[in-house]
Amino acid sequence: MIVITTPTGQIGRQVLDNILDTEEAIRVIARDPSRLSLRVRERVEVVQGSHGDPDVVAKAFAAADSVFWLVPPDPRAESVVGHLLDFTRPACEAIKSQGVKRVVGISTLGHGVAENAGQVSAALAMDELIESVGVSYRALRMPGFMENMLQQVGAIKNQGMFFLTISADRKIPTCATRDVAAVAAGLLLDDSWSGQESVPVLGPEDLSPNDMARIMSEVLQRPIRFQQVPGEGYKATLLKYGMTDAWAQGLVDMANAVEQGIYNAEPRTPENSTPTGFRQWCEEVLKPAVSQRS
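What counts, and where the lines are drawn
- Residues numbered from 1 in each chain as written.
- Predicted model: local features only at pLDDT ≥ 70, side-chain atom pairs only at ≥ 80, totals over all residues.
- Heavy atoms only, no water.
- Axes fitted to C-alpha atoms, helices over the stretch in contact; angles between N-to-C directions.
- Helix = DSSP H or I, 4+ residues; strand = E, 2+ residues; numbered from the N terminus.
- Parallel < 35°, antiparallel > 145°, perpendicular 65-115°, else oblique.
- Left-handed = near helix turned anticlockwise from the far one by under 90°.
- Contact = heavy atoms within 4.5 Å.
- Nonpolar A, V, L, I, M, F, W, Y, C, P; charged D, E, K, R; others polar.
- Salt bridge = Lys/Arg side-chain N within 4 Å of Asp/Glu carboxyl O.
- Buried < 20%, exposed > 50% of the residue type's maximum accessible area, 1.4 Å probe, protein only.
- Phe/Tyr/Trp six-rings, centres within 6.5 Å; stacked < 30°, edge-to-face > 60°.

Caption draft 1: Representation of the packing of helix α1 (residues 12-19) against helix α7 (residues 177-189). At a minimum axis distance of 8 Å, the contact between α1 and α7 shows a crossing angle of 50°. The orientation of α1 with respect to α7, classified from their angle, is oblique. At the point where α1 passes α7, the crossing takes the right-handed sense. Contacts between α1 and α7 involve Gln14, Val15, Asn18 and Ile19 on the former and, on the latter, Thr177, Arg178, Ala181, Ala182, Ala184, Ala185, Leu188 and Leu189. Residues belonging to the contact of α1 with α7 are distributed by class as follows: 8 nonpolar, 3 polar and 1 charged.

As structure tokens, this is what we get:
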């Protein structure tokens, strides 16, 4: 039995798609099962509720061999670390009580080097909490997602610009969520592994914002420019959109840590280089999104 959390989310949905046609028994935890497709509802067992609820995870993890774990963000949380740990504690209790064998978790790069790095530090604390249970665990360690650029489709289409907090020439890895989901699905379907390890998911290349601007300009066939946003302005914008001070400051701290190189500490190898490059992603995802934007 494989249990999938966040089955309608950006990554969880793709993980589910990757395993749906296998012979494995699948159970999902969903707040709103009506958001699942008919094909999914006919194929899987659905436990309704939040995977932060002790009763829900105890029921969902019963007789489970493997669990896909992802904590959804909460921009209204009063503590970044508190949110991730409080959300994960009931799952840890259920992992122990229900005898779950393996957990695959969505985490982040920065293990061993990230201090005071906002959401990065919180994700690493979550990993330590899960590992303390003794379950076999694979922490998928990623940089930022290419899909984050979709939040700026309006600015790209209407202003020919995109905005990030890092320097124009700072090269960092980035990855597509499709590749993250493929790695997670492969681990969930493999019952041969044990122990606790990190699995970096780096994408095929390091790119700077200037590199991204050049690629987007070529794919979209129009000039796209990059503008760096200072931390103070970034936080003010986040607060304007309703985030708590703690969550906004966490994102600022994370951005500062990325600028200082935490995403560059993991060497790229053939094993952790995933296939989807930024140009391919722009052709297949960003370009249609920009075209459809009214």
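Caption draft 2: Fine view of the pattern of salt bridges. On inspection of all chains with the given rule, the structure shows 13 salt bridges. Put simply, Asp65 and Lys101 hold a salt bridge, and the shortest N to O gap is 3.0 Å. Here Asp65 is found in the loop between α3 (54-60) and β4 (66-69), whereas its partner Lys101 is found in the loop between α4 (80-98) and β5 (102-106), with 36 residues between them in sequence. Owing to a relative accessible area of 26%, Asp65 belongs among the partly exposed residues under this scheme. Lys96 is the salt-bridge partner of Glu93, the closest N and O atoms lying 3.5 Å from each other. Of this pair, Glu93 and Lys96 both sit in helix α4, separated by 3 residues, roughly a single helical turn. Since its relative accessible area comes to 48%, Glu93 is described here as partly exposed. Each of the salt bridges in this network shares a partner with another, and the network as a whole consists of Arg214, Glu218 and Arg279.

Caption draft 3: Spotlight on the packing of aromatic side chains. Scanning the model with the defined rule gives 3 aromatic pairs in all. Ring geometry for Trp69 against Phe87: centres 6.2 Å apart, planes inclined by 50°, an arrangement best described as tilted. In this pair, Trp69 sits in strand β4 while Phe87 sits in helix α4, placing the two residues 18 residues apart along the sequence. Accessibility classification places Trp69 together with Phe87 in one group, the buried group. Consider the rings of Phe278 and Trp281, whose centres lie 6.0 Å apart with planes at 20°: the pair is stacked. One end of the pair is Phe278 and the other is Trp281, both in helix α11 (residues 278-292) and 3 residues apart, which spans about a single turn.

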